[in-house]
Every structure is written in C-alpha cells, then in structure tokens.
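Coordinate inspection notes
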Amino acid sequence: MAFDKLKNFIAPVEDDDTDFEEEETEVTYRPSETKPVSAYEAKKTKVNTIPSDTQMVLFEPRSFEEAEEIARHLKQKRACVVNLHKLPRDFAQRTIDFLTGVVFALDGAIQKIGHNVILCTPQNIPVSGGISMDSEDD
C-alpha cells in the first residue's frame, strides 16, 4: 500500500480512463464556408457573387454637371446606363471622358451599348456578352 502511494505520487494514473469515450465528429466540406487565403483571391470571390440588392440606375443628363451624380452612384456600387442624346457633342465627350476615369479608378467597366448610350459598371457587377453596333439593313 505504501508502494502504491509512492507510485501514484511519482506517476499518477487516472482511474477515470474507463469512463472516457472518444467522441467522433463528422467533418463535412462546404465550399461556401471557405475563406480566401489572400487579398487577390478575396477580390476574385467578390466578383463572382452579386448582392441581391444590386441596382441599375438610368440617366439622361442634360448638362455635364450631372456626371458627378452618376459617379456617386458608381461609388455606391450601382450600375449606370447613361443616354447622352440630350447633350451637345462636346459635353457628351467630356462626360464619357470623366466617367471613363471614374470607372477606371473603381476597377469597373464601361461599354457602349447603343448610339450615344453607355453602360458603366463597378467592379462587383460583371458584364458578359456584347452588342454589335453594325446595322443589318445596310
């Protein structure tokens, strides 16, 4: 008995080993729960998902000063369709130049979708496909 006390003092043994049961947990892989490893991958994953509250705003500016309002919407991650028919040619060109700079700064895209009509999109809204400007009647 003294030997057992000395043995337990030097190297204690827990008697509860028989009561301990190892619990098995099932691990399932869910791709939606994975997080990007780098900032580059984070950008790629944001492009592939479009928020449900995404909006598209239509504009028909009558002066160059209205281009600033379009830029504000782009900064708020909203796509903008801009009809430039009501602007004189030189103001329409200034508006396109300004919006091209805004879109470039936001890593977005700008496309001509009709005669004097452009589509400006921020980075979070991907655009696929193209519109031909050639008339089939010619």
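Above this text sits the structure in question.
Fair warning: this is a prediction, and the values are worked out from it, not measured in the lab.

Thoughts on the packing of helix α3 (residues 67–75) against helix α4 (residues 89–105)
- Taken N-terminus to C-terminus, the directions of α3 and α4 make an angle of 20 degrees; their axes are 10 Å apart at the nearest point. Between α3 and α4, the angle is such that the two are roughly parallel. Crossing handedness for the pair α3 and α4: right-handed. For the pair α3 and α4, the contacting residues are A67, E68, I70, A71 and L74 in the first and T95, F98, L99, V102 and V103 in the second.
- Here the contact of α3 with α4 is built from residues that sort into eight nonpolar, one polar and one charged.

Focus: the pairing of strand β4 (residues 117–121)
- Where burial is concerned, most of β4 is hidden: five out of the five residues are buried.
- Examined bridge by bridge, strand β3 (residues 109–114) and β4 share five bridges and lie antiparallel to one another. Paired with G114 across the bridge in β4 is V117.
- What sits between β3 and β4 in their antiparallel hairpin is a turn of two residues, with N116 showing a positive phi close to 60 degrees.

Some points on the pattern of salt bridges
- This model, assessed by the stated rule, comprises two salt bridges.
- The salt bridge involving E60 is made with R62; its shortest N-O contact spans 3.8 Å.
- Since its relative accessible area comes to 33%, E60 is described here as partly exposed.
- E68 is paired through a salt bridge with R72; the nearest N and O atoms lie 3.4 Å apart. Of the two residues, E68 and R72 both sit in helix α3, four residues apart, roughly one turn of that helix.
- Classification of R72 as partly exposed rests on a relative accessible area of 44%.

Some points on the packing of aromatic side chains
- Here the structure, examined in full by the defined rule, presents one aromatic pair.
- Where F64 meets F98, the ring centres are 6.1 Å apart and the plane angle is 75 degrees; that geometry is what we call edge-to-face. Within this pair, whereas F64 is found in the loop between β1 (56–59) and α3, its partner F98 is found in helix α4, the two being separated by 34 residues in sequence.
- Assessed through its relative accessible area of 19%, F64 is described here as buried.
- The aromatic ring of F64 is capped on one face by R94, whose charged end is 4.0 Å from the ring centroid.

Notes on the sheet that holds strand β2 (residues 79–83)
- Judged by pairing direction, the sheet is mixed, and its four strands sit side by side in the order β1-β2-β4-β3 without closing on themselves. Sheet topology places β1 and β3 at the edges, where each strand pairs with a single neighbour. Averaged over all adjacent pairs, the angle separating strand axes in this sheet is 20 degrees, with direction ignored.
- The strands touched by α4 within the sheet are β2, β3 and β4, with β4 carrying the most contacts at an inclination of about 20 degrees.

Re the side chain of H73
- Structurally, H73 can be placed in helix α3.
- The exposure class assigned to H73 is buried, which follows from its relative accessible area of 16%.
- Of note is the side chain of H73, whose polar atom sits 3.0 Å from the side chain of R78.
- Aside from chain neighbours lying at most four places away, what touches H73 is V57, F59, R78 and C80.

How each quantity is defined
- Residues numbered from 1 in each chain as written.
- Predicted model: local features only at pLDDT ≥ 70, side-chain atom pairs only at ≥ 80, totals over all residues.
- Heavy atoms only, no water.
- Axes fitted to C-alpha atoms, helices over the stretch in contact; angles between N-to-C directions.
- Helix = DSSP H or I, 4+ residues; strand = E, 2+ residues; numbered from the N terminus.
- Parallel < 35°, antiparallel > 145°, perpendicular 65-115°, else oblique.
- Left-handed = near helix turned anticlockwise from the far one by under 90°.
- Contact = heavy atoms within 4.5 Å.
- Nonpolar A, V, L, I, M, F, W, Y, C, P; charged D, E, K, R; others polar.
- Buried < 20%, exposed > 50% of the residue type's maximum accessible area, 1.4 Å probe, protein only.
- Pairing = 2+ DSSP bridges.
- Salt bridge = Lys/Arg side-chain N within 4 Å of Asp/Glu carboxyl O.
- Phe/Tyr/Trp six-rings, centres within 6.5 Å; stacked < 30°, edge-to-face > 60°.
- Lys NZ or Arg CZ within 6 Å of the ring centre and 35° of its normal.
- Polar contact = N/O pair within 3.5 Å; in protein donor to acceptor, adjacent residues only side chain to side chain.

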